[in-house]
Amino acid sequence: MVSTLLVALRASVVTLVLTGVLYPLAVTGMAQGLFSREANGSLVRDGQGREVGSALIGQGFTRPDYFQPRPSAAGQGFDATASGGSNLGPTSQKLRERAVAEAERLRRENPGAPGPVPAELVAASGSGLDPHVSPEAALWQVPRVARARGVDPARVSALVRSQVEGRTFGVLGEPRVNVLTLNLAMDRQFGGAASPPATPLGAAEPTSPSP
């Protein structure tokens, strides 16, 4: 009986050391050595070296001089502790009313935008944390951003195109633009906005380029 207990105890201790200590240390060491940025949250820094967010989590930009992401149903918006969608179905009247209101706001704030409002800008992602929009959705916002910053729209469009990320491994996903890194690139190239910030629309107004 005693010998059986000792064998079981030794097996438990060895398993605990291997799986609870050595394996986590090895994986953490490999992650920090090979993928340090990703392992630490893919943090994004501004021109002053300040951490202003993560490349993996969207932020609720609302000022006219910044590109805006798609809506978020995660908590109060882009809350990483409450990731998720609204769970409203395609026949939901509430979802329809919200989409119509969002589309009207976008048309009102983007009078010079070409064509109809891109569908993705009125529909939240399944996670509520999507940091990307399509190149088309970003280019649709160019007239508003260019006017707010007092720069040539062609220069803003060129910057948007330079920020387009291709398909992962060349085959996965679609071309996309990270809204946070695009807005930081706007600040680096064009500086601050020429017009005052707009009233926040359902989100806290950023104090700097980070919302």
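All of these numbers come straight from a predicted model, not from anything done at the bench.

## Considering the domain arrangement of the chain
Item 1. The assigned domain composition of the chain is domain 1 (1-40) and domain 2 (57-190).
Item 2. Taking only C-alpha atoms into account, the centre of domain 1 sits 43 Å from that of domain 2.

## Digging into the environment of Glu38
Item 1. Here Glu38 is to be found in helix H2 (residues 36-39).
Item 2. Judged by its relative accessible area of 47%, Glu38 is partly exposed.

## Thoughts on the packing of aromatic side chains
Item 1. On inspection of all chains with the given rule, the structure shows 1 aromatic pair.
Item 2. Ring geometry for Phe61 against Tyr66: centres 5.4 Å apart, planes inclined by 45°, an arrangement best described as tilted.
Item 3. Residue classification places Tyr66 among the buried residues on the basis of a relative accessible area of 4%.
Item 4. When the ring centre of Tyr66 is taken as origin, the NZ or CZ atom of Arg149, which lies over that ring, is 5.1 Å away.

Criteria and cut-off values
Residues numbered from 1 in each chain as written. Predicted model: local features only at pLDDT ≥ 70, side-chain atom pairs only at ≥ 80, totals over all residues. Heavy atoms only, no water. Domains from an automatic or database assignment. Helix = DSSP H or I, 4+ residues; strand = E, 2+ residues; numbered from the N terminus. Buried < 20%, exposed > 50% of the residue type's maximum accessible area, 1.4 Å probe, protein only. Phe/Tyr/Trp six-rings, centres within 6.5 Å; stacked < 30°, edge-to-face > 60°. Lys NZ or Arg CZ within 6 Å of the ring centre and 35° of its normal.

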